[in-house]
Amino acid sequence: MVKVLLDPSMYHPHLSVAQEVHKAAELGFRYIELSPRADFHEWHHYPKVDRHQIADVKQAMKDTGVRIWTFNPVFDWSSPDEQERQAQVRNWRRLLEIADALEVPMIATELSGDPNQPRRSESQFYRSIEELIPDFERFGIECTVEAHPYDFAETNERAVQIVRGVDRDWFNYEFCFPHAFHLGGGAPGAPGASVRDMLDYAGDRLRHLHIADVFDHTANVGNRYIVNPPGVDARVHQHNEIGNGEIDWDDAFSALRERDYDGSVSVCVFGWEEDADAINRRMRERILAELGGE
């Protein structure tokens, strides 16, 4: 059964994790995907949560019935710098201990690394996952990975191939809809792979989704977004509410229903804090109407 998760990123500035558990319950969600925040797991830093915070979150989950289903960390386990890679593996090991303490069954993460050093980054990624396989298997925690814009691999096809290379039943692929126009590999003004084609390519490796809308940065010969200076090494995208973008949602949801998708789905709209509650409620209702679940 599809599980609809709230990414509470828009509440991070003013709510604790325990309070976000209560907010999720207020909005009708039964599950959370906990994205990075400085007092828990932070981008590329050692997790800062202690046993007292863990106890508070456990109590909040007990009080509400809401469960943290996934952590969504960003640790640069593919860093071409070996000392940095080792530090990130240490971060991973601590996060897995925290996940075990909170009975979080899945980690949804990114490839990271350096797109300007893709071969070295890929080698470092495989070194890290080989070191962490015993830890994941000891705790019985699943992992999904996406190719985020500016990771060492940025397309759907390449990310799925990398996942297959790990060749573990518990290590699978996450498709992030707001990154679709990067994942499709289209150059400005040129067509990229469709969402349906990308989901088909992922096949049975598709086990997690990030749901938000986005405008196509490749449209109008790449002139929709102007980034200066010309040719600067940067990426653009948004995490908008469904309908505030250019994803073909009718076809996307149809493709998911046709494959009987039954994995987890995270609502990850960012940057609209002034209307966060209403947006998250509408997103949850739309996903349940299209895919069912809880």
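Because the structure is predicted, anything quoted here is derived from the model rather than measured.

**Q** Go over the overall build of the chain with me, naming the residues and quoting the values.
**A** Helices and strands together make up the secondary structure of the chain, namely nine helices and eight strands. Relative to the 2.2 N^0.38 estimate, which gives 19 Å for 294 residues, the radius of gyration of the chain is 18 Å and therefore close to what a compact globule would have. Viewed in the frame of its principal axes, the chain has a C-alpha envelope of about 50 × 45 × 40 Å. Going through the 294 residues of the chain one by one, you find that 55% of them count as buried. Taking the contacts inside the chain whose residues are at least 6 apart along the sequence as the reference set, 81% of them involve residues at least 24 apart. Carbon and sulfur atoms provide 46% of the accessible area of the chain, an area that totals close to 12,700 Å². A gap of 4 Å separates the mean positions of the 31 positive and 52 negative side-chain charges of the chain.

**Q** So what about the sheet that holds strand 4 (residues 106–110)? Which residues, and what values?
**A** With parallel pairing, the eight strands of this closed barrel are ordered in space as 1-2-3-4-5-6-7-8. Going across the sheet, the axis of each strand differs from the next one's by a mean of 30°, ignoring polarity. The pairing of strand 4 with strand 5 (residues 142–146) spans five bridges and is classified as parallel. From the neighbouring strand, I107 faces strand 5, where its bridge partner is C143. Against the sheet, helix 5 (residues 156–166) contacts strand 5 and strand 6 (171–176), and its axis sits at roughly 165° relative to strand 6.

**Q** Explain the side chain of E294 to me, using residue names and the numbers behind them.
**A** Mapped onto the fold, E294 is located in the segment after helix 9 (276–291). Take E294: its relative accessible area is 18%, and that puts it in the buried class. At 2.8 Å, the side chain of E294 forms a polar contact with the side chain of Y31. Setting aside residues up to four positions removed in sequence, E294 forms contacts with M1, V2, K3, V4, R30, Y31 and L288.

**Q** Please give an account of the packing of helix 4 (residues 118–139) against helix 5 that cites residues and values.
**A** With their axes 11 Å apart at the nearest point, helix 4 and helix 5 run at an angle of 35° to one another. The chirality of how helix 4 crosses helix 5 is right-handed. Counting all contacts with helix 4, which are made through E122, F125, Y126 and I129, the residues of helix 5 involved are R158, Q161, I162, G165 and V166. Here the residues of the contact of helix 4 with helix 5 sort into five nonpolar, two polar and two charged.

**Q** Tell me about the nonpolar core, residues and numbers included.
**A** For soluble globular proteins, the rule of thumb is that nonpolar side chains tend to be buried together. Counting 86 residues, the largest nonpolar core has F71 and F175 as the members making the most contacts within it. Among the elements that line this core, the one with the most residues is helix 4, at seven residues. With sequence-adjacent residues up to four places away left out, F175 is seen in contact with N156, A180, L183, V195, M198, L199, L206, H208, L209 and H210.

**Q** Tell me what's going on with the packing of aromatic side chains, and back it up with residues and numbers.
**A** Following the criterion strictly, the structure yields 14 aromatic pairs and no others. Between F75 and W92, the aromatic rings sit 5.7 Å apart at their centres with planes inclined by 80°, giving edge-to-face as the arrangement. Within this pair, whereas F75 is found in the loop between strand 3 (67–71) and helix 3 (82–101), its partner W92 is found in helix 3, the two being separated by 17 residues in sequence. Take F75 and W92: they sit in the same class, and that class is buried. Ring centres of F175 and F177 lie 4.9 Å apart, and the angle between their planes is 85°; this geometry places the pair in the edge-to-face category. Assessed through its relative accessible area of 0%, F177 is described here as buried.

**Q** Please set out the environment of E82 residue by residue, giving values where relevant.
**A** Summarising the element assignment, E82 is placed in helix 3. Separated by 114 residues in the primary sequence, E82 and R196 have C-alpha atoms spaced 38 Å apart. Sequence-distant contacts of E82, that is, excluding residues within four places in its chain, are made with Q124 and R127. A distance of 2.9 Å separates the side chain of E82 from the side chain of Q86, its partner in a polar contact.

**Q** Can you tell me about helix 3, naming the residues and giving the values?
**A** What sets the pattern is the α-helix's 3.6 residues per turn: residues three or four places apart point alike. Under the 1.5 Å per step criterion, the end-to-end length of helix 3 is 29 Å for 20 residues, consistent within 8% with the ideal 28 Å. Within helix 3, burial applies to R85, A87, Q88, V89, N91, W92, R94, L95, L96, I98 and A99. In this fold, the buried residues of helix 3 make contact with helix 2 (51–64), strand 3, strand 4 and helix 4. The N-cap of helix 3, judged by a side-chain oxygen 3.3 Å from the amide nitrogen of Q83 a few residues on, is D81. In the segment just after helix 3, E103 is the residue with positive phi, at about 55°.

The rules behind each value
Residues numbered from 1 in each chain as written. Predicted model: local features only at pLDDT ≥ 70, side-chain atom pairs only at ≥ 80, totals over all residues. Heavy atoms only, no water. Helix = DSSP H or I, 4+ residues; strand = E, 2+ residues; numbered from the N terminus. Rg over C-alpha atoms; globule rule 2.2 N^0.38 Å. Buried < 20%, exposed > 50% of the residue type's maximum accessible area, 1.4 Å probe, protein only. Contact = heavy atoms within 4.5 Å. Areas by Shrake-Rupley, 256 points an atom, 1.4 Å probe, with all protein chains shown as cover. Lys, Arg positive; Asp, Glu negative; His and termini not counted. Charge placed at Lys NZ, Arg CZ, Asp CG, Glu CD. Pairing = 2+ DSSP bridges. Axes fitted to C-alpha atoms, helices over the stretch in contact; angles between N-to-C directions. Polar contact = N/O pair within 3.5 Å; in protein donor to acceptor, adjacent residues only side chain to side chain. Left-handed = near helix turned anticlockwise from the far one by under 90°. Nonpolar A, V, L, I, M, F, W, Y, C, P; charged D, E, K, R; others polar. Core = buried A, V, L, I, M, F, W, Y, C linked by side-chain atoms within 4.5 Å. Phe/Tyr/Trp six-rings, centres within 6.5 Å; stacked < 30°, edge-to-face > 60°. Expected span 1.5 Å × (residues − 1).

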